[in-house]
Amino acid sequence: TERGVSVGSVTGGERYEISLNIRPSGSSLYTWSCIFSVGDGDWRLPGIWFLPHGSRMHIRAGKHGEDAGCDLEQGLPWDEDSRVVIRVDETGLLETTINEVKVCEAMVPLRPNLAGESLDVWAVSSGNIPAPALISNMTYRSYRL
């Protein structure tokens, strides 16, 4: 959709963790598809997409337009829940685990003055189509130092 689909908001912190179950289902798409994005328009804290033609995840955090994050080597299994946890610490280290196995690490820029700020959660971010996946048991925790 042009504007995206907001499903709520969370409170930002200097560091944060998001965890959720992702179950790819249906058919893979020929184009990028959005799983979700948290942010304020200029920043993603974080955002996850499927890359075209499968269930490989493209995970980004930081200022929109900067390429900070991970493209995973393996896709998620179709029609199975995978527990995905993304943590960003106070140094900007982004760490992603799937079913308790670390699958990527990357340094991402930190947004200044994030603590206590309300951030939108987008089920479909602007200009994207929804990913062929079911999302469940999603939590977002932010921490102040």
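Residues numbered from 1 in each chain as written. Predicted model: local features only at pLDDT ≥ 70, side-chain atom pairs only at ≥ 80, totals over all residues. Heavy atoms only, no water.

1. Examining the sheet that holds strand β7 (residues 82-88)
Strand pairing in a sheet is mediated by backbone hydrogen bonds. Such pairs are either parallel or antiparallel. Spatial ordering of the open sheet is given by β9-β8-β7-β2-β11, a layout of 5 strands whose pairing is antiparallel. The open sheet terminates on both sides in strands that have one partner only, identified here as β9 (101-107) and β11 (133-143). Going from strand to strand, the sheet's axes swing by 15° on average, the running direction of each strand aside. For strand β2 (residues 15-24) and β11, the ladder comprises 9 bridges, and the chain directions are antiparallel. Residue pairing in the sheet places S19 in a bridge with T139 of β11. (Pairing = 2+ DSSP bridges. Helix = DSSP H or I, 4+ residues; strand = E, 2+ residues; numbered from the N terminus. Axes fitted to C-alpha atoms, helices over the stretch in contact; angles between N-to-C directions.)

2. A few points about the sheet that holds strand β4 (residues 43-50)
Strands sit in the order β1-β10-β3-β4-β5-β6 across an open sheet of 6 strands; the sheet is antiparallel. At either end of the open sheet lies a strand with only one pairing partner, and these are β1 (5-11) and β6 (69-75). Between one strand axis and the next, the sheet turns through 15° on average, direction left out of account.

3. What to know about the environment of I86
Examined against the element boundaries, I86 turns out to sit in strand β7. Residue I86 is classed as buried on the basis of its relative accessible area, which comes to 0%. Excluding residues within four positions of it along the chain, I86 makes contact with Y16, E17, I18, P46, I48, I59, L94, E95 and T96. (Buried < 20%, exposed > 50% of the residue type's maximum accessible area, 1.4 Å probe, protein only. Contact = heavy atoms within 4.5 Å.)

4. Examining unusual backbone geometry
P46 follows L45 through a cis peptide bond whose omega is -10°. Within the secondary structure, P46 is located in strand β4. Located in the positive-phi region is N99, a residue other than glycine, with phi close to 50°. Mapped onto the secondary structure, N99 falls in the loop between β8 (93-98) and β9. Owing to a relative accessible area of 44%, N99 belongs among the partly exposed residues under this scheme. Of note in this structure, E100 is not a glycine but carries a positive phi near 70°.

5. Observations concerning the nonpolar core
In terms of nonpolar packing, the biggest core is built from 33 residues, with I22, I35, V38, F50, M57, L94 and Y140 touching the most fellow members. Residues contacting M57, with those up to four places away along its chain left out, are I22, I35, I48, W49, F50, C70, D71, L72, L76, V84 and I98. (Core = buried A, V, L, I, M, F, W, Y, C linked by side-chain atoms within 4.5 Å.)

6. Notes on the side chain of N21
Within the element layout of this structure, N21 appears in strand β2. Within the structure, the side chain of N21 is placed 3.1 Å from the side chain of R83, a separation counted as a polar contact. Setting aside its immediate chain neighbours within four residues, N21 contacts D81, S82, R83, L134, I135, S136 and N137. (Polar contact = N/O pair within 3.5 Å; in protein donor to acceptor, adjacent residues only side chain to side chain.)

The values are spatial; any link to function lies outside them.
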